[in-house]
Amino acid sequence: MSSVAGLKEKQEKSWKEHRLITIFRDLVKNKLAAIGIVIIASIFIAAVFAPWLSSYGPYEQDLSGTKLAAGADGHILGTDNYGRDMWSRLVHGARLSLVVGLSSVAIGLIGGIGLGLLAGYYRKLDGLIMRVVDLLFAFPGILLAMLIIAMLGTSLINVIIAISIWSIPGCARIVRGSVLSIKQQEYILAMKTLGASDRRILLKHILPNCTAPLIVFATMRMATAILSTSALSYLGLGAQPPTPEWGAMIAAGQDFMWEAPHMAIIPGLGIMLTVFAFNVVGDGLRDALDPNMDMNV
Amino acid sequence: MVGLIIRRFLQLLLLLFGISFLVFMSMHLAPGDPATIIGGPNATASDLEAIRENLGLNRPVVVQYFDYLAGVLQGDFGYSYQTNQAVTEAIITRFPATIKLATASMIVAIIIGIVAGMISARKQNSWIDVTSTTFALAGVSIPNFWLGAMLILIFSVNLQILPVGGLNSPFYTVEGMKELILPAITLGTASAALIARMTRSSMLEVIRSDYIRTARAKGVRKHSLIWIHALKNAMIPVITVIGINFGGLLGGTIITEQVFAINGVGRLMIDAIAARDFPIVQGTVLLVAGIFVVVNLVVDIIYALIDPRISY
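In this text, all values refer to a predicted model and were calculated from it rather than measured experimentally.

What counts and what doesn't
Residues numbered from 1 in each chain as written. Chains lettered and ligands numbered in written order. Predicted model: local features only at pLDDT ≥ 70, side-chain atom pairs only at ≥ 80, totals over all residues. Heavy atoms only, no water. pLDDT = per-residue confidence, 0-100. Helix = DSSP H or I, 4+ residues; strand = E, 2+ residues; numbered from the N terminus. Expected span 1.5 Å × (residues − 1). Buried < 20%, exposed > 50% of the residue type's maximum accessible area, 1.4 Å probe, protein only. UniProt positions renumbered as here; feature names shortened; annotations may be inferred. Axes fitted to C-alpha atoms, helices over the stretch in contact; angles between N-to-C directions. Parallel < 35°, antiparallel > 145°, perpendicular 65-115°, else oblique. Left-handed = near helix turned anticlockwise from the far one by under 90°. Contact = heavy atoms within 4.5 Å. Nonpolar A, V, L, I, M, F, W, Y, C, P; charged D, E, K, R; others polar. Buried area = accessible area lost by both parts, 1.4 Å probe. Salt bridge = Lys/Arg side-chain N within 4 Å of Asp/Glu carboxyl O. Core = buried A, V, L, I, M, F, W, Y, C linked by side-chain atoms within 4.5 Å.

**Observations regarding the confidence of the model for chain A**
When pLDDT is averaged along chain A, the result is 86, and 95% of the positions lie at 70 or above. Within chain A, helix H4 (residues 86-121) of chain A carries the highest mean pLDDT (93), whereas helix H1 (residues 2-29) of chain A carries the lowest (73).

**Quick notes on helix H6 (residues 127-141) of chain B**
With 15 residues, H6 of chain B extends 21 Å between its outermost C-alpha atoms, agreeing within 8% with the 21 Å of an ideal straight helix rising 1.5 Å per residue. Those residues of H6 of chain B not exposed but buried are Asp129, Ser132, Ala136, Leu137, Gly139, Val140 and Ser141 of chain B.

**Some remarks on the UniProt feature "domain: ABC transmembrane type-1" (unreviewed entry) in chain B**
In the UniProt entry, the feature "domain: ABC transmembrane type-1" (unreviewed entry) is given for residues 95-303 of chain B. As annotated, residues 95-303 of chain B comprises 84% helix and 0% strand, and the C-alpha atoms at either end are separated by 28 Å.

**Observations concerning the UniProt feature "transmembrane region" (unreviewed entry) in chain B**
Residue and element names in this part refer to chain B. Following the UniProt record, one finds the feature "transmembrane region" (unreviewed entry) at residues 101-121, 133-160, 180-199, 234-260 and 280-306. The span residues 133-160 carries 86% helix and 0% strand; its end-to-end C-alpha distance comes to 30 Å. Along residues 234-260, the helical share is 96% and the strand share 0%, with 35 Å between the first and last C-alpha atoms.

**Section: the packing of helix H11 (residues 246-254) of chain A against helix H12 (residues 262-289) of chain A**
Residues and elements named next belong to chain A. Where H11 contacts H12, the axes come no closer than 7 Å and their chain directions differ by 150°. In terms of orientation, H11 and H12 fall into the roughly antiparallel class. Crossing of H11 over H12 shows left-handed handedness. Taking contact as the criterion, the partners of Trp246, Gly247, Met249, Ile250, Ala252, Gly253 and Gln254 in H11 are, on H12, Met263, Ala264, Pro267, Gly268, Gly270, Ile271 and Thr274. Looking at the contact of H11 with H12, its residues break down into eight nonpolar, six polar and no charged.

**A short note on unusual backbone geometry**
Apart from glycine, the bulk of residues carry a negative phi angle, and the bulk of peptide bonds sit in the trans form. Of note, the bond from Pro241 of chain A into Pro242 of chain A is cis; its omega dihedral lies within 30 degrees of zero at 5°. Considering the arrangement of structural elements, one finds Pro242 of chain A in the loop between helix H10 (211-234) and H11. Phi at Asn84 of chain B takes a positive value of approximately 65°, unusual for a residue other than glycine. Turning to its location among the elements, Asn84 of chain B is positioned in the loop between helix H4 (61-73) and helix H5 (87-122). What makes Asn84 of chain B exposed here is its relative accessible area of 57%. Positive phi values are uncommon outside glycine, yet Ala261 of chain B reaches one of about 50°. On the secondary structure map, Ala261 of chain B appears in the loop between helix H10 (222-259) and helix H11 (265-275).

**Points about the UniProt feature "domain: ABC transmembrane type-1" (unreviewed entry) in chain A**
Sites flagged by UniProt as "domain: ABC transmembrane type-1" (unreviewed entry) map to residues 94-282 of chain A. What you have in residues 94-282 of chain A is 80% helix and 0% strand, and the ends, taken at the C-alpha atoms, are 19 Å apart.

**Some points on the packing of H11 of chain A against helix H7 (residues 144-158) of chain B**
In the contact formed by H11 of chain A and H7 of chain B, the axes pass within 11 Å of each other and the chain directions differ by 25°. In terms of orientation, H11 of chain A lies roughly parallel with respect to H7 of chain B. With respect to the hand of their crossing, H11 of chain A and H7 of chain B are arranged in left-handed fashion. Touching Gly247, Ile250 and Gln254 of chain A of H11 of chain A are Phe145, Trp146, Ala149 and Ile152 of chain B, all from H7 of chain B. Looking at the contact of H11 of chain A with H7 of chain B residue by residue, the classes come out as five nonpolar, two polar and no charged.

**Quick word on the UniProt feature "transmembrane region" (unreviewed entry) in chain A**
All names here are of chain A. With numbering matched to this structure, UniProt assigns "transmembrane region" (unreviewed entry) to residues 32-53, 96-121, 128-150, 156-175 and 264-285. Annotation note: span residues 96-121, helix share 100%, strand share 0%, distance between end C-alpha atoms 37 Å. Measuring from the first to the last C-alpha atom of residues 264-285 gives 32 Å, for a span that is 100% helix and 0% strand.

**Thoughts on the interface of chain A and chain B**
Each partner contributes to the interface: chain A provides 40 residues, whereas chain B provides 42 residues. A buried area of about 3500 Å², summed over both sides, lies between chain A and chain B, and 82% of it is on carbon and sulfur atoms. The tally of links from chain A across to chain B stands at one salt bridge. In this structure, the salt-bridge partner of Asp283 of chain A is Arg197 of chain B, at a minimum N-O distance of 2.7 Å. At the level of elements, helix H5 (123-137), helix H6 (143-152), H10, H11 and H12 of chain A are the ones that each hand at least two residues to the side of chain A that touches chain B. Considered class by class, the residues forming the side of chain A that touches chain B number 31 nonpolar, seven polar and two charged.

**As for the nonpolar core**
Ranked by size, the top nonpolar core spans 165 residues in total, and within it Phe139, Met146 and Ile206 of chain A together with Ile19 and Phe145 of chain B carry the most contacts. If one sorts the elements of this core by residue count, H10 of chain B sits on top with 15 residues. Contact partners of Phe145 of chain B, with chain neighbours within four places excluded, come to Ser230, Ala231, Tyr234, Gly247, Ile250 and Ile271 of chain A together with Ile255 and Val259 of chain B. Grouped together as the second largest cluster of nonpolar side chains are five residues, Ala119, Ile129, Met130 and Ala172 of chain A included.

Right under this line is the structure:
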């Protein structure tokens with residue numbers, strides 16, 4: 001008996017692996033998505049190995065060599081108004097952006113999945129939860145994040161909290177939609193009749209069916225989270241100087257646009273490339289996972 | 001139709017009520033005592049008590065909320081902690097600049113977006129199509145504050161043909177127009193990109209539908225086929241995108257105002273957040289969210305008017 005179960009498990013595992021390979025193959029067939037994957041991989045590598053990739057520290061000032069142009073004096077991308085190495089600040093900025101992006105999307109997903117499952121499965125909770133979600137949707141764009149920062153104060157941690165909360169309603173809507181369609185299916189009814197607990201049905205049978213739209217949502221959301229973090233820091237509501245955060249770096253660079261335009265140009269290119277990569281990979285994933293996926297959030 | 005409007009209107013009122021409650025509560029739960037912000041560092045305990053008494057801060061929260069709500073309904077949003085100016089007055093003086101910016105950007109976005117999307121769809125897979133779709137993709141990825149800074153760098157610093165910032169002259173003068181160009185492009189680009197993508201895919205879908213083939217078979221001229229028969233149906237999803245985008249645009253105004261040093265509601269809000277001037281934050285957030293939900297309602301109604309198949 002146990003060997004049969006073992007075989008079944010093995011089969012299931014190889015089927016899953018096969019499915020992953022197919023998805024990946026479909027994904028890289030899309031040229032833009034393939035470029036996006038390469039960019040994301042490079043940014044991850046730059047972020048992880050940031051201290052080893054640069055011979056200067058991101059905070060290391062050299063007042064004898066300020067606002068150097070790219071390539072001067074062993075500084076690949078030049079220096080800023082305090083003589084800090086721009087390349088070092090750029091790769092350390094990648095670190096910050098990815099950490100903030102990943103953590104806020106992860107927290108947002110947990111909250112959104114929880115609320116979405118409850119709303120979709122329990123009709124009694126649906127009305128209440130979805131009204132709260134509607135309410136959160138009433139704050140356009142970055143405004144909800146700003147309101148939360150107005151409440152908590154300006155810091156990078158609060159930016160993570162703000163973007164997490166801002167990610168919840170979109171995620172909850174997607175999960176709820178999937179749950180509503182899945183829970184009508186007969187195998188769920190059969191599970192119920194067999195006496196499976198709600199928790200088991202929700203986590204083991206309904207949630208895995210929401211994975212595809214959630215992966216796409218999370219990828220796209222990374223783009224939004226990174227863009228918003230830099231926007232908030234640019235406005236002075238997120239990371240504060242001298243933190244090497246891309247948005248804060250652009251804000252500082254704008255004052256030196258006449259003498260040292262590279263101070264504002266370089267971090268902006270970093271943001272643009274990263275956001276572009278996550279956007280195209282998200283698009284590609286949507287096509288690879290399910291061309292008819294409804295992502296109207 | 002009338003039923004739809006009434007129902008949506010009631011929902012709108014509930015939503016506005018919810019927004020005001022959420023905003024009020026989040027400002028109320030924020031750490032930091034308003035009395036110490038108003039009183040300054042040298043205020044004594046009795047001074048602080050007097051300020052609290054004066055502003056009614058020692059009453060129960062719910063009472064304070066309904067008091068605030070009653071004020072808001074009469075156009076009274078309270079007074080700034082910093083300057084003691086009426087919030088309503090502060091908003092009214094800043095509002096025209098924001099509206100000017102948002103409207104100009106929306107016009108830029110709609111014109112560029114729809115034209116680019118239509119051309120892309122007509123000449124699918126041509127170099128024009130490839131260029132415009134690539135730009136559309138890049139457009140949503142560019143941080144608008146950076147785009148603004150780059151436009152300033154090119155047109156104001158290097159070419160010196162457009163002003164660096166500010167929105168001081170009336171928009172119908174040449175100076176006013178010049179001041180609006182860069183901010184409107186900065187803010188409108190992301191929306192233009194989304195509108196172009198939507199127009200393209202929607203148009204491609206409609207062009208292949210049966211009724212267009214029938215119309216062509218009947219001998220309708222190509223020009224009117226595209227711009228009248230197809231466009232009307234293709235516009236339905238585009239209008240939704242424009243509506244949804246208006247929210248992003250309002251949020252973006254806040255950032256763009258900062259880039260070009262435009263004295264609008266957005267800058268008022270940012271300064272107030274940094275200074276923890278809660279009445280101003282409350283007033284500006286309420287205003288922006290309020291406009292957003294009202295615009296959404298209008299979009300829904302336009303939607304129903306264009307497409308009679310839709311019922312809510």
